[in-house]
Each structure stands twice: as C-alpha cells, then as structure tokens.
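Here's the letter readout for the chains.
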Amino acid sequence: MTPVLSQAPASVRRAAYAALGVSLLHIVFGAIVRISGSGMGCGDHWPKCYGYWFPPLERMDLIIEVFHRYLASLLLVTVGATVFLAWRNKQAPRESGRGGVLRSSGLMLAVGFFAAAFGAVTVNFSNAWWATVIHKAIAVTVLALGAATVVRAGGLGAASVSAGHGTPKAIGGATAAAVMALLVVLLGGLTAKVTGAPVACVGFPLCGEGSLGGGPQHLQLTHRLVAYLLVAHLISLPFLFRRRGEPMAVQTAAWIGMVLGVLQVCWAAWMVIGGIAGPDKYAPRSLHQATGILIWVTAFVMTYLARIAAGRSTVGAQQVSGVPGTTGGAMTARAVPSAS
C-alpha cells in the first residue's frame, strides 16, 4: 500500500501559483525600477501618478514606475482571490487550521497591503536608501509567504513529501542557505543605493587596483563575500542531500539552487567586468537582481520542504496516517493499492 498525500482543491492551488508568480514578477520589476532610475517617475504623487490612475504614457520612467504600481494592484487581487477560495473550501484538506492555506494567504494579503502603503513612504522620502531596503525586505517577505502558500496547497513538490522521510541535517543546510540568500538580497539592495558603492570595488572576484576604498568599497566587498559563501554552500547541498537520501523534492530544490548560484556568479562577472553604468548595462544588472530573488525563494522552499520531511512543520490541520511520531500532521494521507 502506497500513501497518497492529500492536496488542496485545484482552484486554490492554481490561485496560489498565480499569486506567487505575480509576487515574483512584481519584485523583479521593482529592481528594474531602481536600476533604470524610474523610482520617482510619478514624482511625489502616490497612489496616483500626477493625479491620474492611468496617466499619459509619455516618458519611459513614468511608464516603468506606473506599471510597477499596476503589478502591485494585480498582486493584491490574486492574493485576495487565493484567500477567498481557501475560505470557501476551508473544509477541504490543507485549507484551514495550523499550516493551512488560509492562514498563509491571509498573512500574505495583510503584508501585501502593508508593502503597498509603505510605497508611499519611499516616494515621500525620494527613495532614500533605508526606505528602499525596508521596502525590499517587505517585498521578499510577501514572496516567501506566497511560496509557503503554494507549498501548503500541495505545489512545488510538497505533495510528494511526507513526515518521517527527511533528516534534521537537511533543515540546517537549507536554513543556512535561506538566511544567507536573504542577507545577500538585502545587502545587494543596500549596495545599489549607497552613493559610490556600486562602482567602489573595481575588478572581479575581489576588489582590485583602482577601487575607491572607504565605506562604499567595504559594503560592496561584504556583499560579494557573503554571496561567494552562499554559492559555495549551494553547490555542496545537492550532493549532501543525495548521499543522505533526502526526499526527491528537497534534492530537486537543492539542484535548482546550485544552478542559480552558478548563474549568479556569471551575471556578476558580466556586470562588474563590463561596467554597470549606462542603459546598455541594464540586462546584466536585471539578470543579477532576478537571479538573486530566485535563489532566495528556492532556498526558502527547500527549507520548508525539509522541515515537512523531518516532521518539524505542518501542512494543513490533519495528521499523517501511518507515520509514527508525528503530531499536528504534516499532511493527510489515504492508502491506495501500490502500482507494483
């Protein structure tokens, strides 16, 4: 007999995926807003753009900024739809209670509204470095909640993971990757905003002759060193997980993280060696930002799946049948005849 893990209704799972996708697109587009210098494209007007909900699209910086705001509105709509569907199906597996879709999606909606409101702060303070970094931290929190919602709905490989099939060591490795990835993302945002920091460290992989020195260089170098440690750690994880026999979903997340880490080094080298100034450098900078965000969400999902596999996190309010030593239930399982 092979246990088949329960999943949320397909409509809830699709809505959760949509919310996660829009959240990812929104935060990546936010980086493009900063890279292109479009943060004040609507002046100091918020939430409208120069008094319009749909302003004349006459300048590129205005177009980029206003579409970033439209994406924020779309994000709230998709998250709101996920909350509604989870509430309507609250009696279904994985929907309510501790570890349910309803709780994570509801929290995602609340933090999403807070992120939108904090947008007014960034505009009123002309995108000051501290406001931009805080805004980014809130955005990555929304993204993590979106990933958690999809996992709780049975997506991103969670439907194949049951408690008792993973080890606590995987939790430690995945958590270290997630913490470092978050630190790299926030340091990257800070480096991009502090005057002189983006160009303070000449050369690759470390700072070479011609670097500016001082605080900006130290900030840039710190960002790089933490990133190198993260990539080295990501490269080691899939081999460690395979040797320990961790669940395939956890191993898959580790392999994806490794590939993204290697790509991130390539984008960084392209960006630094080729210079970061000018519109022709938007591509490597945008790829660098997007890959960093993807590494963060991959590490977060890997950590969540590892915790489920080790019986440390619950998914839904039900208990896993046939798995001794689990309480609070990671998943509901029903027995069906094995294909073999």
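Note that this is a predicted model, so its numbers are computed, not measured.

A. Up close: the side chain of Thr-132. Within the secondary structure layout, Thr-132 lies in helix 4 (residues 129-152). For Thr-132, a relative accessible area of 17% corresponds to the buried category. Apart from residues lying up to four places away in sequence, Thr-132 is in contact with Arg-34, Thr-122, Asn-127 and Lys-193.

B. The packing of helix 3 (residues 101-124) against helix 4, seen in detail. Running from amino to carboxyl end, helix 3 crosses helix 4 at an angle of 165 degrees, the nearest separation of the two axes being 9 Å. As summarised for this structure, helix 3 and helix 4 are arranged roughly antiparallel, according to the angle between their axes. Note that helix 3 runs across helix 4; the crossing there is left-handed. Class assignment for the residues of the contact of helix 3 with helix 4 results in 15 nonpolar, ten polar and two charged.

C. Region of interest: the pattern of salt bridges. Evaluation of the coordinates by the stated rule reveals two salt bridges. Of the charged contacts, one joins Arg-59 and Asp-61 as a salt bridge, the two residues approaching to 3.0 Å between their closest N and O atoms. Its relative accessible area of 34% is what places Arg-59 among the partly exposed residues. Here Glu-65 ties to Arg-69 by a salt bridge, and the two come within 2.9 Å at their closest N and O atoms. Of the two residues, Glu-65 and Arg-69 both sit in helix 2 (residues 60-88), four residues apart, roughly one turn of that helix. As far as the burial class goes, Glu-65 and Arg-69 line up, both buried.

D. Region of the structure containing the state of the cysteines. Counted by the stated rule, this structure contains two disulfides. Between the sulfur atoms of Cys-42 and its disulfide partner Cys-49 the distance amounts to 2.0 Å. Measuring handedness by torsion sign, the sulfur bridge of Cys-42 and Cys-49 sits at about -95 degrees and is left-handed. This pair shows no difference in class: Cys-42 is buried, exactly as Cys-49 is. The disulfide partner of Cys-201 is Cys-207, and the gap between their sulfur atoms is 1.6 Å. Across the S-S bond linking Cys-201 and Cys-207, the dihedral sits near -110 degrees, which makes this disulfide left-handed. Its relative accessible area of 3% is what places Cys-201 among the buried residues. With a relative accessible area of 23%, Cys-207 lands in the partly exposed category. Taking only the cysteines that form disulfides and numbering them from first to last, the protein has the pattern 1-2, 3-4.

Here is what the cut-offs are and how they apply
Residues numbered from 1 in each chain as written. Predicted model: local features only at pLDDT ≥ 70, side-chain atom pairs only at ≥ 80, totals over all residues. Heavy atoms only, no water. Helix = DSSP H or I, 4+ residues; strand = E, 2+ residues; numbered from the N terminus. Buried < 20%, exposed > 50% of the residue type's maximum accessible area, 1.4 Å probe, protein only. Contact = heavy atoms within 4.5 Å. Axes fitted to C-alpha atoms, helices over the stretch in contact; angles between N-to-C directions. Parallel < 35°, antiparallel > 145°, perpendicular 65-115°, else oblique. Left-handed = near helix turned anticlockwise from the far one by under 90°. Nonpolar A, V, L, I, M, F, W, Y, C, P; charged D, E, K, R; others polar. Salt bridge = Lys/Arg side-chain N within 4 Å of Asp/Glu carboxyl O. Disulfide = S-S within 2.5 Å.

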